[in-house]
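Notes for the structure review
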Amino acid sequence: MLLSFSAWMVQLTNRIAGLLERFNFVMQAKASADRINAVLSVEAAIADPPRAAALPPSGGGLRFSNVSVKFGERRILDGVSLDVRAGETVVLTGRSGSGKSILLSLPPRLYDPGEGGVFLDGVDVRDLCLETLRSAVCLASDDAVLFNDTIAANISLGRPDASQAEIEQAAQLAQAHRFITEMPDGYDAGIGERGLTLSGGQRQRIVLARALLVGPRLLLLDDASSSLDPATDAAVWQGLTGREQKRTMLVATQRRSVAARGDRVVLLDAGRIAAEGTDEELWRT
Ligand SMILES: Nc1ncnc2c1ncn2[C@@H]1O[C@H](COP(=O)(O)OP(=O)(O)OP(=O)(O)O)[C@@H](O)[C@H]1O
Ligand SMILES: [Mg+2]
């Protein structure tokens, strides 16, 4: 009797454990579904306009006009107005959490501002079809995602039609060609889940090559070279700026060495522009 009772207890415990596990699974599935819905509703909000505007054939001028962004009740950006002229390099600096990454995510429309507007060569980015916009504006950020695929596929993500020569040229500018060709399978090497087989600095260079291959008129860099050693970092900068035709760049960084490279530096503080000037002017104040 005692034996069968304890056997029954074991069974019951197993059943309860099984039920709990299933309940847990259902709850996890629900949480995932909620997250997917949240993403889908954002995606739905960021859609092509009914009648897309055309971009002028060249340029790269960017204007933030009085933009504010709120997450819940928190104001993350508060009335930011900033002009970046075509061909200019502007560095955005400010302490962690000041809103640099959020500001950089507005031109490619990862978010839309609650108030104000973002204009590329005079056209409101919300009036452009997303394909046009994302071939004109590229954001390279430290947390860009690499896929479990070959290096070549990861670089050509934004331009799947690119030739091998174009892929290699972009990798060369991003100082990635050498380490890629030193790998046993070169450009055909698989890089595993989230690029785990690469170092932080190698991942950053793949992400830069990906952005350069798109050949955007406006390049946004968000801490995009923070893991590179100073010599590689300087070479990457040469690759980005050394061309006859200067591209427009807005670069977020906390590093003074990078700030010094900008034509102009803008200091963000708690979502507002606190100061603007040359690197020297800013450090004098
Ligand atoms: N998806 C989000 N939901 C809610 N709040 C967010 C979200 N993303 C960022 N924030 C908040 O917005 C503020 C600005 O963040 P942001 O990432 O732009 O800072 P940052 O200046 O880029 O900082 P860092 O130098 O550390 O990269 C922070 O207070 C952050 O907590
Ligand atoms: Mg950031």
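The coordinates are above.
The shown structure was predicted, so the numbers you read here are calculated from the model rather than taken from an experiment.

Digging into the packing of aromatic side chains
- For the structure on display, the rule yields one aromatic pair.
- Geometrically, the ring pair formed by Phe71 and Tyr111 is edge-to-face, given 5.3 Å between the ring centres and 65° between the ring planes. Residue Phe71 is located in strand β1 (residues 62-71), and its partner Tyr111 is located in the loop between α2 (100-104) and β4 (115-120); the two are separated by 40 residues in the primary sequence.
- Given a relative accessible area of 36%, Phe71 falls into the partly exposed group.

Examining the side chain of Arg247
- Considering the arrangement of structural elements, one finds Arg247 in the loop between α8 (230-241) and β8 (248-252).
- Under the relative-accessibility criterion, Arg247 is labelled buried at 12%.
- Among residues more than four places away in sequence, those in contact with Arg247 are Gly87, Glu88, Leu212, Pro216, Arg217, Leu219 and Leu240.

Concerning the environment of Val118
- Tracing the backbone through its elements, the reader meets Val118 in strand β4.
- Overall, Val118 belongs to the buried group, its relative accessible area being 2%.
- For the pair formed by Val118 and Pro107, sequence separation is eleven residues and the distance between their alpha carbons is 6.3 Å.
- Apart from residues lying up to four places away in sequence, Val118 is in contact with Leu62, Arg63, Phe64, Val67, Leu106, Pro107, Pro113, Val123, Asp124 and Val125.

Details of the nonpolar core
- The biggest cluster of nonpolar side chains holds 41 residues, and the ones touching the most others in it are Ile155, Ile180 and Leu221.
- Sort the elements by how many residues they give to this core and helix α7 (residues 200-214) lands first, with eight residues.
- With residues near it in sequence (within four places) discarded, Leu221 still touches Leu104, Ala140, Leu208, Trp237, Leu240, Met249, Leu250, Val251 and Ala252.
- Core analysis: the second largest hydrophobic core is formed by 32 residues, Val67, Val84, Leu130 and Leu218 among them.

What about the pairing of strand β2 (residues 74-84)?
- Where β1 and β2 come together, seven bridges link them in antiparallel fashion. Bridging from a neighbouring strand, Phe71 pairs with Arg74 of β2.

Let's talk about unusual backbone geometry
- With a phi angle near 65°, Arg109 is a residue other than glycine that sits in the positive phi range.
- For Arg109, the position within the fold is in the loop between α2 and β4.
- In this model, Gln175 sits at a positive phi of 60°, which is unusual for a non-glycine residue.
- For Gln175, the location among the structural elements is in the loop between α5 (164-173) and α6 (177-181).

Brief notes about α5
- Inspection of α5 places Ile167, Ala170 and Ala171 among the buried residues, and these make up the whole buried set. One side of α5 holds all its buried residues, which, seen down the axis, span an arc of 100°.
- On its buried face, α5 sits against α4 (151-155), α6 and α7.
- Positioned one or two residues after α5, Gln175 has a phi angle of 60°, which is positive.

Brief notes about the site of ligand 1
- Taken together, 13 residues lie around ligand 1, and Arg74, Ser96, Gly97, Lys100 and Ser101 are the ones closest in.
- The separation between an oxygen atom of ligand 1 and a polar main-chain atom of Ile102 is 3.0 Å.
- Interatomic distance of 2.8 Å between a side-chain N/O atom of Gln254 and an oxygen atom of ligand 1.
- Coverage of ligand 1 by the protein chains reaches 64% of its 640 Å² of free accessible surface.
- Elements with a contribution of two residues or more to the shell around ligand 1: β2 and α2.
- Examining the composition of the shell around ligand 1, we find that three residues originate from one element, α2, more than from any other.
- Its residues assigned to classes, the shell around ligand 1 shows four nonpolar, six polar and three charged.

Concerning the sheet that holds β8
- Taken together, six strands build an open sheet; the order of strands is β6-β7-β8-β3-β9-β10 and the sheet is mixed. Looking at which strands have only one partner, the edges of the open sheet turn out to be β6 (137-141) and β10 (272-277). Taken pair by pair, the neighbouring strands of this sheet meet at an average axis angle of 20°, ignoring direction.
- As defined by bridge partners, strand β3 (residues 89-93) adjoins strand β9 (residues 264-269) across four bridges and the pair is classed as parallel. Bridging from a neighbouring strand, Leu92 pairs with Val266 of β9.

Rules used in this analysis
Residues numbered from 1 in each chain as written. Chains lettered and ligands numbered in written order. Predicted model: local features only at pLDDT ≥ 70, side-chain atom pairs only at ≥ 80, totals over all residues. Heavy atoms only, no water. Phe/Tyr/Trp six-rings, centres within 6.5 Å; stacked < 30°, edge-to-face > 60°. Helix = DSSP H or I, 4+ residues; strand = E, 2+ residues; numbered from the N terminus. Buried < 20%, exposed > 50% of the residue type's maximum accessible area, 1.4 Å probe, protein only. Contact = heavy atoms within 4.5 Å. Core = buried A, V, L, I, M, F, W, Y, C linked by side-chain atoms within 4.5 Å. Pairing = 2+ DSSP bridges. Arc of directions from axis to C-beta. Near = heavy atom within 4 Å. Polar contact = N/O pair within 3.5 Å; in protein donor to acceptor, adjacent residues only side chain to side chain. Areas by Shrake-Rupley, 256 points an atom, 1.4 Å probe, with all protein chains shown as cover. Nonpolar A, V, L, I, M, F, W, Y, C, P; charged D, E, K, R; others polar. Axes fitted to C-alpha atoms, helices over the stretch in contact; angles between N-to-C directions.

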